[in-house]
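Residues per chain are reported as follows:
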Amino acid sequence: NYDLNAVVGVPYKVFINNDGEIDHIETRQRHLEETLNALKRDTGQQNYFYPFGENAKNISIGDSWTEKKDSIVFYTGEGDLESLMFADSKYTLKKIKIKKGRRIAYINEVTKMNAELNFLQGGMYFEGTMSGEFKYSYRFDIDAGKVLLRKGSGKMDYAFQLEDKSFRSVINISEKTKKVK
């Protein structure tokens, strides 16, 4: 994406609100602020204070807790048309191991997602739905408060409408994110 390539190497400040979410982004290069702020509208935005939700308090091995995200606004395609995402996540603390003197929590997550999509692509308006389920596993350094490893996979079922034609697609997604030492 050209817009994102324009911000490579550009210094900016990220402001986090009291809930741990990105509030806004500022840079001295004002002409790039809108592009940078688009990054905070990404559906995969992380919570910096509560990476496993605010309900992840006073839990023991084997405990599960849920988090619900309702009406997350995100943008896809061309233009500024809003789409909405809804997610229900269930987390489970599987175990805690001591590695090199640090407490590492092993956490599993199952998330069911649904979305209402509205976007422009190639000058054409699309609308539709998206739904799916993802499974993740994490290694979380309790002492440092950082995610060391995130592995996950799932699939999303898309159903689109373009004028009088309907389209359907299934996308399989697999990801692995590891903290670099």
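Everything below is about the structure printed above this text.
Residues numbered from 1 in each chain as written. Predicted model: local features only at pLDDT ≥ 70, side-chain atom pairs only at ≥ 80, totals over all residues. Heavy atoms only, no water.

(A) Representation of the side chain of Glu 109 in the model. Within the secondary structure, Glu 109 sits in strand β5 (residues 102-121). At 5.5 Å, Arg 150 is the nearest oppositely charged side chain to Glu 109, a buried residue that forms no salt bridge. Engagement of the side chain of Glu 109 in a polar contact is seen with the side chain of Ser 89, the distance being 3.4 Å. Non-local contacts of Glu 109, meaning those with residues more than four positions away in its chain, are made with Ser 89, Lys 90, Tyr 91, Phe 134, Lys 135, Tyr 136 and Tyr 138. (Helix = DSSP H or I, 4+ residues; strand = E, 2+ residues; numbered from the N terminus. Buried < 20%, exposed > 50% of the residue type's maximum accessible area, 1.4 Å probe, protein only. Lys, Arg positive; Asp, Glu negative; His and termini not counted. Salt bridge = Lys/Arg side-chain N within 4 Å of Asp/Glu carboxyl O. Polar contact = N/O pair within 3.5 Å; in protein donor to acceptor, adjacent residues only side chain to side chain. Contact = heavy atoms within 4.5 Å.)

(B) Seen up close, a positive patch on the surface. Together, Lys 95, Lys 97, Lys 99, Arg 139, Lys 151, Lys 176 and Lys 178 make up a positively charged patch on the protein surface. Taken together, the elements giving at least two residues each to the positive patch come down to β4 (82-99) and β8 (165-178). Among the elements that take part in the positive patch, β4 stands out by supplying three residues, more than any other. Take Lys 151: it is sitting in strand β7 (residues 146-162). (Patch = residues over 30% accessible without salt bridge, like charges linked within 9 Å, V, L, I, M, F, W, Y side chains within 5 Å. Areas by Shrake-Rupley, 256 points an atom, 1.4 Å probe, with all protein chains shown as cover. Charge placed at Lys NZ, Arg CZ, Asp CG, Glu CD.)

(C) Examining the environment of Glu 133 more closely. Checked against the element boundaries, Glu 133 lands in strand β6 (residues 124-141). Overall, the relative accessible area of 32% leaves Glu 133 in the partly exposed class. For the pair Glu 133 and Met 113, spaced 20 residues apart in the sequence, the C-alpha separation amounts to 6.2 Å. When residues no more than four places from it in sequence are discounted, the contact partners of Glu 133 are Val 110, Thr 111, Lys 112, Ser 153, Gly 154 and Lys 155.

(D) Focus on the side chain of Asp 141. Position of Asp 141 among the secondary structure elements: in strand β6. For Asp 141, a relative accessible area of 5% puts it in the buried group. A polar side-chain atom of Asp 141 sits 3.0 Å from the main-chain amide nitrogen of Asp 143. In terms of polar contacts, Asp 141 uses its side chain to reach the backbone amide nitrogen of Ala 144, at 2.9 Å. Asp 141 has contacts with Arg 102, Arg 103, Ile 104, Lys 146 and Leu 148, leaving out every residue within four places of it along the chain.

Bear in mind that shape data such as this cannot, by itself, settle questions of function.
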